[in-house]
Structures are given as structure tokens and as C-alpha cells.
Amino acid sequence: SYEASKEKSASQKDAVQYIKQKLDGAKWFIDSIRQRQNTLLLTMNKIVEIQYDFFMSGGDETDLKPMILKDIAEAIQMDISTISRVASSKYVETDFGIFLLKDFFTEGITTGSGTEVSNREVKKILKDAIDAEDKSKPLTDEALKKILHEKGYPIARRTVAKYREQLNLPVARLRKEL
């Protein structure tokens, strides 16, 4: 019977060890979820702070400020790769639509007067100019560059071409209508 009680206590020890392992795993999992939630909340709060005008205007893209992953990472003292993971494949629902978090990250362009604006603003001006062009004589990238320069956006012709391509707009000769 001494052997039986010794065996029983060994199996009890194994059971206790097993339960302890499972509890530790569950605690780690819960902590990971909390940390993820906290990171997402910190990131979103900073995005809203930086893109305040965009949210207050009801989603006017021209109100987006230049903002890169590094800006958020530095502000909330986390690694850029963490912010990148948080921003990719996450959405925010607003009264004026659902947006992919990574869409709030936009490169900046310095205007002739020295203020920094989002490249979305330049893309909108480009699109508006192309939408309004005479389709029998569509604007070349060079002509579009001149229009942007007149509006105070000193960007290169190749940048105009890059933005036009990002907007899925063909070159002038392919936009020509007779």
C-alpha cells in the first residue's frame, strides 16, 4: 500500500504539472491579446491625432497630412515593424466609410511656399485636371507638371507619371478621343 500511495502522488504531481502548464499557456495567450489590443489602440489614437482634419471633414482626402510608419512608431515608442503589422489588414469604421489603416499613411510633398502636404492632394489635382481636359487634346505629363507648378506643387514630370499610373490613368495618347 506504500507503493500505491507513492504511485498516486506521482500521478497527482503529473496532473498538477499538466494543469499548471496549461494555465501558464492561457495566461500568456490572454496577455498577448491585451498587448495587441493596447498596441492597436495606441496606434489608432495617434493616427486620429495626426489625421484629425481628415476625420473632422468627413473623409476629405485632401485633408490627409503626410504621415509615415516611422512617425507613429516614434510617437508611441514602438518598432516600425510593429506599426507595419498593426496597420496592414486592419480597418477602421467611421460615419463616412470603412478605411484600411495603411491608407492613412501617405508620403509628403513640400509646396513652393514650404508647407508639407500629402501626395493625395496632388493626385486629386492631377485627376481633376485629367477629368476636365479636352479629350481631343489630352494633357501630356509635361503639361500636367506645369499645371501643378502653377498651383505651387514643384514636382518632376516623372513623379506626375508615377502618380498618374497609381491612379490607373493612361498616358495622353491613350486618353485621346476623336
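For the structure itself, look to the data block above.
Before going into details, it helps to say that this report is about the structure given with it. Note that the coordinates shown come from a computational prediction; the quantities given were computed from them, not determined experimentally.

What counts and how
Residues numbered from 1 in each chain as written. Predicted model: local features only at pLDDT ≥ 70, side-chain atom pairs only at ≥ 80, totals over all residues. Heavy atoms only, no water. Helix = DSSP H or I, 4+ residues; strand = E, 2+ residues; numbered from the N terminus. Buried < 20%, exposed > 50% of the residue type's maximum accessible area, 1.4 Å probe, protein only. Phe/Tyr/Trp six-rings, centres within 6.5 Å; stacked < 30°, edge-to-face > 60°. Core = buried A, V, L, I, M, F, W, Y, C linked by side-chain atoms within 4.5 Å. Contact = heavy atoms within 4.5 Å. Salt bridge = Lys/Arg side-chain N within 4 Å of Asp/Glu carboxyl O. Arc of directions from axis to C-beta. Axes fitted to C-alpha atoms, helices over the stretch in contact; angles between N-to-C directions. Parallel < 35°, antiparallel > 145°, perpendicular 65-115°, else oblique. Left-handed = near helix turned anticlockwise from the far one by under 90°. Nonpolar A, V, L, I, M, F, W, Y, C, P; charged D, E, K, R; others polar.

For the rest of this paragraph, the subject is unusual backbone geometry. Positive phi values are uncommon outside glycine, yet serine 89 reaches one of about 60 degrees. With respect to the helices, strands and loops of the structure, serine 89 is situated in the loop between α4 (80–87) and β1 (91–94). A relative accessible area of 61% means that serine 89 is categorised as exposed. The backbone phi angle of asparagine 168 is positive, close to 60 degrees, even though this residue is not glycine. You can see asparagine 168 is positioned in the loop between α7 (157–166) and α8 (172–175). On the accessibility criterion, asparagine 168 (69% relative accessible area) is exposed.

Another point: the packing of aromatic side chains. Per the stated rule, a full pass over the model turns up seven aromatic pairs. On the basis of an interplanar angle of 80 degrees and a centroid distance of 5.4 Å, the ring pair of phenylalanine 54 and phenylalanine 55 is categorised as edge-to-face. For the pair phenylalanine 54 and phenylalanine 55, a shared accessibility class is recorded, and that class is buried. Where phenylalanine 99 meets phenylalanine 104, the ring centres are 5.9 Å apart and the plane angle is 50 degrees; that geometry is what we call tilted. Each member of the pair, phenylalanine 99 as well as phenylalanine 104, carries the same accessibility label: buried.

Counting 16 residues, the largest nonpolar core has Ile47, Ile72, Leu101, Phe104 and Phe105 as its most contacted members. Apart from residues lying up to four places away in sequence, leucine 101 is in contact with Leu40, Met44, Ile47, Val86, Ala87, Lys90, Tyr91 and Val92. Residues Ile130, Tyr153, Val160 and Leu169 belong to the second largest nonpolar core, which totals 14 residues.

On to the pattern of salt bridges. Scanning the entire structure with this criterion turns up 12 salt bridges. Between aspartate 131 and lysine 127 there is a salt bridge; the shortest N-O distance is 3.1 Å. On the criterion of helical spacing, the pair formed by aspartate 131 and lysine 127 is a turn pair, its members being four residues apart in helix α5 (residues 119–132). Classification of lysine 127 as partly exposed rests on a relative accessible area of 36%. Notably, a salt bridge pairs glutamate 133 with lysine 135, separated by 3.0 Å at the nearest N-O pair. If you follow the salt bridges from partner to partner, you end up with Glu133, Lys135 and Arg175 in one network.

We now examine helix α6 (residues 141–150). What α6 keeps buried is the set Asp141, Leu144 and Leu148. All buried residues of α6 project into a common sector of 60 degrees when viewed along the axis, lining one side. Residues of α6 that are buried in the fold lie against α5, α7 and α8.

Turning next to the packing of helix α3 (residues 69–76) against α4. For the pair α3 and α4, interaxial distance at closest approach is 9 Å and the crossing angle is 115 degrees. The orientation of α3 relative to α4 falls into the category roughly perpendicular. Judged by the sense of rotation from one axis to the other, the crossing of α3 with α4 is right-handed. Contacts between α3 and α4 involve Leu69, Lys70, Ile72, Ala73 and Ile76 from the first element and Ile80, Ile83, Ser84 and Ala87 from the second. Classifying every residue of the contact of α3 with α4 gives seven nonpolar, one polar and one charged.

Mapped onto the elements, glycine 108 comes out in strand β3 (residues 108–110). Glycine 108 sits 43 residues away from lysine 65 along the chain, and the two C-alpha atoms are 7.6 Å apart. Every residue in contact with glycine 108, bar those within four places of it in the chain, is listed here: Pro66, Glu116 and Val117.

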